Amino acid sequence: MEGEEGSQQPHLALAHKLFLLKHPDVQDIDKVRLKEEALAPIKSDDMASLYETLAAESVLEMDEGLLGLMRARIEEELKKLDEKITDAEENLGESEVREAHLAKSLFFIRIGDKEKALEQLRVTESKTVAVGQKMDLVFYTLQLAFFYMDFDLISKSIDKAKNLFEEGGDWERKNRLKVYEGLYCMATRNFKKAANLFLDSISTFTTYELFPYDTFVFYTVLTGIISMDRVSLKQKVVDAPEILTVIGKIPHLSEFLNSLYDCQYKSFFCAFAGLAEQIKLDRYLHPHFRYYMREVRTVVYSQFLESYKSVTIEAMARAFGVTVDFIDLELSRFIAAGKLHCKIDKVAGVLETNRPDAKNALYQATIKQGDFLLNRIQKLSRVIDL
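The structure presented is a predicted model; accordingly, all values stated were derived computationally and were not measured.

Basis of the calculations
- Residues numbered from 1 in each chain as written.
- Predicted model: local features only at pLDDT ≥ 70, side-chain atom pairs only at ≥ 80, totals over all residues.
- Heavy atoms only, no water.
- Helix = DSSP H or I, 4+ residues; strand = E, 2+ residues; numbered from the N terminus.
- Contact = heavy atoms within 4.5 Å.
- Areas by Shrake-Rupley, 256 points an atom, 1.4 Å probe, with all protein chains shown as cover.
- Lys, Arg positive; Asp, Glu negative; His and termini not counted.
- Charge placed at Lys NZ, Arg CZ, Asp CG, Glu CD.
- Pairing = 2+ DSSP bridges.
- Core = buried A, V, L, I, M, F, W, Y, C linked by side-chain atoms within 4.5 Å.
- Buried < 20%, exposed > 50% of the residue type's maximum accessible area, 1.4 Å probe, protein only.
- Salt bridge = Lys/Arg side-chain N within 4 Å of Asp/Glu carboxyl O.
- Axes fitted to C-alpha atoms, helices over the stretch in contact; angles between N-to-C directions.
- Parallel < 35°, antiparallel > 145°, perpendicular 65-115°, else oblique.
- Left-handed = near helix turned anticlockwise from the far one by under 90°.
- Nonpolar A, V, L, I, M, F, W, Y, C, P; charged D, E, K, R; others polar.
- Polar contact = N/O pair within 3.5 Å; in protein donor to acceptor, adjacent residues only side chain to side chain.
- Expected span 1.5 Å × (residues − 1).

Draft legend 1. Quick peek at the overall build of the protein chain. Each helix and strand counted, the protein chain has 19 helices and three strands in total. Based on the C-alpha atoms only, the size of the protein chain along its principal axes is roughly 85 × 75 × 40 Å. Restricting the contact set of the protein chain to residue pairs at least 6 apart, pairs at least 24 apart contribute 59%. With the model as given, the accessible surface of the protein chain reaches about 20500 Å², and the carbon-plus-sulfur share is 52%. Taking the 51 positively charged and 60 negatively charged side chains of the protein chain as two groups, their mean positions are separated by 7 Å.

Draft legend 2. How the structure looks around the pairing of strand 2 (residues 342-345). In this structure, strand 2 lies alongside strand 3 (residues 350-353), joined through four bridges in antiparallel fashion. When the bridges of strand 3 are listed, Asp-345 appears paired with Val-350.

Draft legend 3. Spatial organisation of the nonpolar core. Counting 119 residues, the largest nonpolar core has Phe-256 and Tyr-301 as the members making the most contacts within it. Of the residues forming this core, the biggest block, eleven residues, is contributed by helix 7 (residues 131-148). Non-local contacts of Tyr-301, meaning those with residues more than four positions away in its chain, are made with Phe-269, Met-316, Phe-320, Phe-326, Ile-327, Glu-330, Leu-331, Phe-334 and Leu-340.

Draft legend 4. View of unusual backbone geometry. One non-glycine residue, Asp-46, lies in the positive phi region at around 55°. By the element assignment, Asp-46 lies in the loop between helix 2 (28-44) and helix 3 (48-56). In the Ramachandran plot, Ser-58 falls in the positive-phi region, its phi being about 65° despite a non-glycine side chain. Looking at the element boundaries, Ser-58 is found in the loop between helix 3 and helix 4 (64-91).

Draft legend 5. Inspection of the pattern of salt bridges at higher detail. Enumeration over the complete set of coordinates arrives at 25 salt bridges. When the shortest N-O distance is used, the salt bridge between Glu-181 and Lys-162 registers 2.8 Å. Of this pair, Glu-181 sits in helix 9 (residues 171-187) while Lys-162 sits in helix 8 (residues 151-166), and the two are 19 residues apart along the sequence. Overall, Glu-181 belongs to the buried group, its relative accessible area being 8%. Here Lys-162 falls in the partly exposed class, since its relative accessible area comes to 33%. Bridged by salt links that share partners, the residues Asp-45, Asp-46, Arg-73 and Arg-110 form one connected network.

Draft legend 6. Main features of the packing of helix 9 against helix 10 (residues 191-201). Between helix 9 and helix 10, whose axes approach to 8 Å, the crossing angle comes to 155°. As summarised for this structure, helix 9 and helix 10 are arranged roughly antiparallel, according to the angle between their axes. Two packed elements cross with a definite hand, and for helix 9 against helix 10 that hand is left-handed. Along its contact with helix 9, which presents Asn-175, Lys-178, Val-179, Glu-181, Gly-182, Leu-183, Cys-185 and Met-186, the element helix 10 presents Phe-191, Lys-193, Ala-194, Leu-197, Phe-198, Asp-200 and Ser-201. Its residues assigned to classes, the contact of helix 9 with helix 10 comprises eight nonpolar, three polar and four charged.

Draft legend 7. Region of interest: the side chain of Thr-220. Tracing the sequence through the fold places Thr-220 in helix 11 (residues 213-227). Within the structure, Thr-220 has its side chain in polar contact with the backbone oxygen of Phe-216 (distance 2.7 Å). When neighbours within four sequence positions are excluded, Thr-220 is seen to be in contact with Phe-198, Leu-199, Ile-202 and Ile-243.

Draft legend 8. Molecular detail of helix 4. With 28 residues, helix 4 should reach 40 Å at 1.5 Å per residue; the first-to-last C-alpha distance of 41 Å fits that figure. Residues Leu-66, Leu-67, Met-70, Ile-74, Leu-78, Leu-81, Ile-85 and Ala-88 constitute the buried set of helix 4. Buried residues in helix 4 make contact with helix 2, helix 3 and helix 5 (94-110). For helix 4, the N-terminal cap is Asp-63; the gap from its side-chain oxygen to the backbone nitrogen of Gly-65 is 3.1 Å.

Okay, here's the thing in structure tokens:
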């Protein structure tokens, strides 16, 4: 199930192609190529149930002859695997029995039969003693869950892996789990936790079965930009040697990161526009595309306004390389949503910042909580008097 070191697990690569095949923004000419690329592993791995589903959804064309051939090969292979299990149970030791059951689990994973794979993995786990081997079974489950984007299964598997680590576990597997958990957090819109987990793993990354290192850096930079303050971003992302070695290979990413930190807002918006397509066509980020675009703009507008007590709308529009009307419309939306702390003086054409006073906010919170506590004490005293 796992790809070789340095290569993505084949089924996760297939999942991305299938995502693009269903994406409305992908050109029809590209979909013709993607169909051929998706059908090849489906044929070679005998993924009969997935083939049927895709044909029913009109993603691929149904070929009854091919479907029958795949089913026949599955039956034949299952007979061989069952014979090996029987032989191991009758003639060999416990480790050989476990290996035979593991082979059957991996076969169900290979053909994309989720329910049977999970059932067989549970059987294999019952034959497994070593914590490291149990962890490997959890990783197989996680890969299967990411293929189907089953977030409930992913969450339960991550919790299970953490419990296993309490019994003991090596650092290599612990670091791998951080990347799996980071991907889960990113896919469920917890960008801050995802950024922290990715940064913890950046110097020890070995999780090539999920995605290549370039993609890992791409995710690390994107999650870091919207969840870290400027000082932390400089220390952990902008100057990180691991990121610097590959960031130039990813179109627009270096300019996106560095222009934000260097306050080159016009360049930032150009790079941002170039990255938007990559984010939209990413299987894990696509559901959060609009949210991410809003959050990035909040970060960059806040950073610009941080330097001023007041600034003209025209000066801000010039800095970003956009029109005055665009900035006026953009900022009014963010101000109304409580994302930016400023107000627009339309007559004077000026933006006035009104940053919240931290001490005043703390004072108000104390008063509010004090009132609540006094009310509770009064209610309690009445009960006691009775």
